[in-house]
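Descriptive structure summary
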Amino acid sequence: GESVGLHLPTLSVQEGDNSIINCAYSNSASDYFIWYKQESGKGPQFIIDIRSNMDKRQGQRVTVLLNKTVKHLSLQIAATQPGDSAVYFCAEVGNKLVFGAGTILRVKS
Amino acid sequence: GAGVSQSPRYKVAKRGQDVALRCDPISGHVSLFWYQQALGQGPEFLTYFQNEAQLDKSGLPSDRFFAERPEGSVSTLKIQRTQQEDSAVYLCASSLLGSSYNEQFFGPGTRLTVL
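Residues numbered from 1 in each chain as written. Chains lettered and ligands numbered in written order. Predicted model: local features only at pLDDT ≥ 70, side-chain atom pairs only at ≥ 80, totals over all residues. Heavy atoms only, no water.

Overview of the overall build of chain B
Secondary structure assignment for chain B yields 0 helices and 11 strands. In chain B, the succession of helices and strands from N to C terminus is β-β-β-β-β-β-β-β-β-β-β. Its C-alpha radius of gyration of 13 Å places chain B within 12% of the 13 Å reference for a compact globule of 115 residues. Structurally, chain B occupies a C-alpha span of about 40 × 25 × 25 Å along its principal axes. (Helix = DSSP H or I, 4+ residues; strand = E, 2+ residues; numbered from the N terminus. Rg over C-alpha atoms; globule rule 2.2 N^0.38 Å.)

Now the structure itself:
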């Protein structure tokens with residue numbers, strides 16, 4: 001079946017540095033992906049999305065890269081801030097959302 | 001405006017008890033989704049409503065799980081004869097239109113602990 005594989009690592013970065021969070025997916029037919037941020041005690045919050053006809057999309061301080069050849073997504077956060085500390089999930093959108101397991105981002109001041 | 005709200009925020013149940021979890025979606029949102037999130041995992045789809053119609057319940061883990069949205073707004077997820085493996089955070093999300101491609105707005109979740 002389809003799956004979005006994201007083991008649960010922890011990424012620790014220094015405030016002001018850039019962060020890169022990675023995600024692998026398995027369904028090559030997927031055409032839409034979303035990155036979510038989830039803070040403790042809250043539901044996931046939409047960050048940025050990308051469709052499969054693009055390989056890069058930029059938002060405010062965030063960039064998503066999509067490599068369809070190797071079925072890989074990444075989320076880049078520029079100038080990481082303490083408020084960016086959270087768990088980040090990629091999700092594959094079909095007739096339902098399929099989430100990966102998440103990456104914990106810790107920002108050290 | 002108000003976002004998606006869920007109640008209770010925390011629920012402790014003894015094994016075998018029935019529980020009911022409530023979701024108040026954003027007013028006017030057509031679609032409503034329920035997810036189960038185990039500790040350290042991403043949310044997993046349970047079921048989907050478009051207005052009052054339950055269009056997909058493929059993610060419900062057993063017949064002990066039942067969801068309804070009788071008037072197309074508030075939804076209730078009911079779990080009968082709770083088991084320890086039901087312990088998780090139950091998330092509700094709503095979206096304006098009737099497609100998973102529309103942005104889903106999540107509530108804070110209900111943390112269920114089954115003892």
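Notes on the sheet that holds strand 7 (residues 65-68) of chain B
Residues and elements named next belong to chain B. Ordered by their spatial adjacency, 4 strands build an open sheet running 1-3-8-7, and the pairing between neighbours is antiparallel. Strand pairing shows two members of the sheet lacking a second neighbour, strand 1 (5-7) and strand 7, which therefore form its edges. Averaged over all pairs of adjacent strands, the angle between strand axes in this sheet comes to 15°, irrespective of strand direction. Both strand 1 and strand 3 (residues 19-24) contribute to a ladder of 3 bridges, which runs antiparallel. Bridge pairing in strand 3 links Q6 to C23. (Pairing = 2+ DSSP bridges. Axes fitted to C-alpha atoms, helices over the stretch in contact; angles between N-to-C directions.)

A word on the state of the cysteines
Taken as a whole and assessed by the stated rule, the structure comprises 2 disulfides over all chains. Here C23(A) engages in a disulfide with C90(A); their sulfurs sit 1.8 Å apart. Looking down the S-S bond of the C23(A) and C90(A) bridge, the torsion is 45°, so its handedness is right-handed. A residue pair is termed long-range when its members are at least 10 positions apart, and C23(A) in strand 3 (residues 19-25) and C90(A) in strand 9 (residues 86-93) qualify at 67 residues. Exposure remark for C90(A): the relative accessible area of 0% places this residue in the buried category. Bridging C23(B) to C92(B), the disulfide has an S-S length of 1.8 Å. Around the S-S axis, the bridge from C23(B) to C92(B) shows a dihedral of about -65° and counts as left-handed. Of the two residues, C23(B) sits in strand 3 while C92(B) sits in strand 9 (residues 88-95), which places them 69 residues apart along the sequence. Each member of the pair, C23(B) as well as C92(B), carries the same accessibility label: buried. (Disulfide = S-S within 2.5 Å. Buried < 20%, exposed > 50% of the residue type's maximum accessible area, 1.4 Å probe, protein only.)

Quick look at the side chain of H29(B)
All names here are of chain B. Secondary-structure assignment places H29 in the loop between strand 3 and strand 4 (31-37). H29 sits in the buried class, given a relative accessible area of 10%. Among the polar contacts listed, one links the side chain of H29 to the side chain of S94, at a separation of 2.8 Å. For H29, the contacting residues outside a window of four places in its chain are R69, S94, S95, L96 and F105. (Polar contact = N/O pair within 3.5 Å; in protein donor to acceptor, adjacent residues only side chain to side chain. Contact = heavy atoms within 4.5 Å.)

A short note on the pattern of salt bridges
A pair can form between side chains of opposite charge whenever their charged atoms are brought close. Residues and elements named next belong to chain B. Scanning the model with the defined rule gives 7 salt bridges over all chains in all. As a salt-bridge pair, D24 and R22 come within 2.7 Å of each other at their nearest N and O atoms. The exposure class of R22 is partly exposed, given its relative accessible area of 38%. Taking the shortest distance from any N to any O, the salt bridge between D86 and R64 comes out at 2.8 Å. Pair noted here: D86 is in the loop between strand 8 (75-79) and strand 9 and R64 is in the loop between strand 6 (53-56) and strand 7, with a separation of 22 residues, a long-range link. Judged by relative accessible area, which is 3%, D86 ranks as buried. On the basis of relative accessible area, R64 is assigned to the buried category, the value being 11%. (Salt bridge = Lys/Arg side-chain N within 4 Å of Asp/Glu carboxyl O.)

Everything listed here is a matter of coordinates, which is why it stays silent on function.
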